[in-house]
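Each chain, letter by letter, is given below.
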Amino acid sequence: MNTFSPVAVQHARPDYDRTLLWLVILLLGFGLVMVYSASIAIAAADRHAGYQETYYLMRQGAFLVVGIVLGLLAFQVPNKVLQEIAPYLFLSGLVLLVLVLIPGIGREVNGSRRWLSLFVVNLQPSEFMKLFAVLYAADYTVRKAAYMDNIKKGFLPMLMVMLLVGGLLLREPDFGAFAVITSIAMAILFLGGMNWRLFAGLIGMLVVGFLVLIWTSPYRMQRIVGFMDPWADPFGKGYQLSHALIAFGRGEWYGLGLGGSIEKLFYLPEAHTDFLLAVVAEELGFAGVAVVILMFAWLTMRAFVIGRQAAMIDRHFPALAAYGIGVWLSVQAIINMGVNMGLLPTKGLTLPLLSFGGSGIAANCAAIGVLLRIDWESRQVMKGYSV
């Protein structure tokens, strides 16, 4: 008897977004290869790494395992539960940001106090705060949907909360994380129905606020000056950017080949973290950079498709959370790429899913787990099942 039928084929289809999952797997795998390539020389010369060339490779591999486990755990949490605990997650993130600033608890590296020591690894709370901000802003917007046109009831409470987060992040200082979290909150409020006049006014206030922060901070002004003309002081304020641009220039169309970068040999600082894309450009050329950009564009598109799918069946919190995750990953990727290409001032933000770093990888994988859960639940609802 022939058991083939359209119904059987329909049930055989996976209940998750395979495109999204494969994109993430490819990005994580590609990042592992490039982190190894970018860090070989640094690890071989670092006594703290035991002079082992595979030191950063092994650590990144361990971070990936932890991240995948967190992603699987995040996938198990129903969206209803996630919405209920969103304020508590956000509050826990605030507590961690406060702990970072306490001498003896927070760990200072290169003049910034952004980490909590867990003995084996360092935890960077601002990375997880991005995910918590997505969930909190989505929950807030759903709860305050009736007041999105009201400045006092809809806008001011979120503004005060974001100012509190911003104040803590700027004390570290971590201007990049503040910019990303601000973008997340603004995007979710706008997509959640905020009055466009209020939104336009908010944009104006933020632009003025960012300009004031830059103008009143000498080290930020130095970064702007170095960004405007890195060749005016190539051994000082423009050092990182000038070497990143050299890496892009050397790579040309198809690069020097995997492992062929010269700039990673102690010329380009943070080659395996903030400036990983410059190593990609030097070794794989314009073609490699274009592939990375296209993959992030595709990832962002999938996040918004998942959000729209949830919105169409009136699942508003999951929809806004999906949009927020898409905005987070895309904005952070755009800032990192812009810095590497000399389009934006130097900022300490990693490339999501690619750059070396345990907290970043863990937070990114958890966010992908949440995104896959949103998609899975939407598919169940459209099939008539309860979630």
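Fair warning: this is a prediction, and the values are worked out from it, not measured in the lab.

Describing the side chain of His272
Point 1. Of note, His272 is situated in the loop between α10 (239-251) and α11 (276-312).
Point 2. A relative accessible area of 8% means that His272 is categorised as buried.
Point 3. Setting aside its immediate chain neighbours within four residues, His272 contacts Val35, Ala38, Ser39, Ile42, Tyr56, Ser355 and Phe356.

Observations regarding the packing of helix α7 (residues 175-191) against helix α8 (residues 196-215)
Point 1. Close contact between α7 and α8 brings their axes to 12 Å; oriented N to C, the two are set at 175°. Taken together, the axes of α7 and α8 lie roughly antiparallel to each other. Residues Phe175, Phe178, Ala179, Thr182, Met186 and Phe190 of α7 touch α8, and the partners they reach there are Phe199, Leu202, Ile203, Leu206, Phe210 and Leu213.
Point 2. Counted by class, the contact of α7 with α8 contains eleven nonpolar, one polar and no charged residues.

Focus: the pattern of salt bridges
Point 1. Summed over the entire model, instances satisfying the criterion amount to nine salt bridges.
Point 2. When the shortest N-O distance is used, the salt bridge between Arg143 and Asp139 registers 2.9 Å. One end of the pair, Arg143, and the other, Asp139, are both in helix α5 (residues 125-143), four residues apart, so they sit about a helical turn from each other.
Point 3. Overall, the relative accessible area of 46% leaves Arg143 in the partly exposed class.
Point 4. Between Glu377 and Arg373 there is a salt bridge, with the nearest N and O atoms lying 2.8 Å from each other. With Glu377 and Arg373 both in helix α13 (residues 358-382), this residue pair falls four residues apart, about one helical turn. For the pair Glu377 and Arg373, one class covers both residues: buried.

Re the pairing of strand β2 (residues 112-117)
Point 1. A large share of β2 lies buried, amounting to five of its six residues.
Point 2. Where strand β1 (residues 106-109) meets β2, four bridges bridge the pair, whose relative direction is antiparallel. Its bridge partner lying in β2, Arg107 is registered against Trp115.
Point 3. Note that β2 and strand β3 (residues 122-123) share two bridges and pair antiparallel. Residue pairing across strands places Ser117 opposite Asn122, the latter belonging to β3.
Point 4. The hairpin turn running from β2 into β3, its antiparallel successor, is four residues long, and Phe119 in that turn takes a positive phi close to 70°.

As for the sheet that holds β1
Point 1. Taken together, the three strands give an open sheet; going across it, the order is β1-β2-β3, and neighbouring strands pair in antiparallel fashion. Taken across any chain shown, the strands that pair with only one partner, and hence form the sheet edges, are β1 and β3.
Point 2. Packed on one face of the sheet, helix α4 (residues 79-100) meets β1 and β2 and runs near 110° to β2.

Description of unusual backbone geometry
Point 1. Residue Pro173 is bonded to the preceding Glu172 through a cis peptide linkage, with omega at -5°.
Point 2. With respect to the helices and strands, Pro173 occurs in the loop between α6 (151-171) and α7.
Point 3. Within the chain, Glu252 stands out as a residue other than glycine whose phi angle is a positive 50°.
Point 4. If you trace the backbone, Glu252 turns up in the loop between α10 and α11.
Point 5. Located in the positive-phi region is Asp314, a residue other than glycine, with phi close to 60°.
Point 6. Among the secondary structure elements, Asp314 is positioned in the loop between α11 and α12 (316-341).
Point 7. Asp314 sits in the exposed class, given a relative accessible area of 57%.

Overview of the confidence of the model for the chain
Point 1. Chain-level statistics for the chain give a pLDDT mean of 88 and a share of 93% at 70 or above.
Point 2. Per-residue pLDDT, averaged within each element of the chain, yields its smallest value for helix α1 (residues 6-12) (44) and its largest for α11 (97).
Point 3. Contacts for the low-pLDDT stretch residues 1-12, under 50 throughout, to residues beyond four places or in other chains number three contacts.

Concerning a nonpolar patch on the surface
Point 1. Taken together, the side chains of Tyr16, Leu21, Trp22, Ile25 and Leu26 define a hydrophobic patch exposed on the protein surface, amounting to about 480 Å² of accessible area.
Point 2. Within the element layout of this structure, Leu21 appears in helix α2 (residues 18-45).

Scoring rules and cut-offs
Per chain, residues are indexed from 1 in the order of the written sequence. Given that the model is predicted, a residue must reach a pLDDT of at least 70 before its local features are reported, and side-chain atom pairs must reach 80 or more before they are shown or counted; all residues, however, enter totals for whole chains, interfaces and linings. Only hydrogens and water are removed before side-chain values are computed, so all heavy atoms of the structure are retained for them. Where helices and strands are cited, they refer to DSSP runs of H or I of at least four residues and of E of at least two residues respectively, numbered from the N terminus. Only protein chains enter the calculation, and the probe is 1.4 Å; a residue is then buried if its accessible area is under 20% of its type maximum, exposed if over 50%, and partly exposed in between. Residue contacts are counted whenever heavy atoms from the two residues lie within 4.5 Å of one another. Angular values range over 0 to 180 degrees, each being the angle between N-to-C directions of two axes fitted as lines to C-alpha atoms, with helices fitted over their stretch in contact. Roughly parallel refers to an angle under 35 degrees, roughly antiparallel to one over 145, roughly perpendicular to one between 65 and 115, and oblique to any angle outside these ranges. Here the term charged refers only to Asp, Glu, Lys and Arg, the term nonpolar to Ala, Val, Leu, Ile, Met, Phe, Trp, Tyr, Cys and Pro, and the term polar to all other amino acids, Gly among them. The working definition used for a salt bridge is a side-chain nitrogen of Lys or Arg within 4 Å of a carboxyl oxygen of Asp or Glu. The rule for pairing is simple: two strands pair if DSSP sees at least two bridges between them. The pLDDT value expresses, per residue, how confident the predictor is, ranging between 0 and 100. By definition, no residue in a patch forms a salt bridge, and every one has over 30% relative accessible area; like charges are joined within 9 Å, nonpolar side chains (Val, Leu, Ile, Met, Phe, Trp, Tyr) within 5 Å. Here the Shrake-Rupley method, with its probe set to 1.4 Å, supplies the accessible areas, and only the displayed protein chains count as covering residues.

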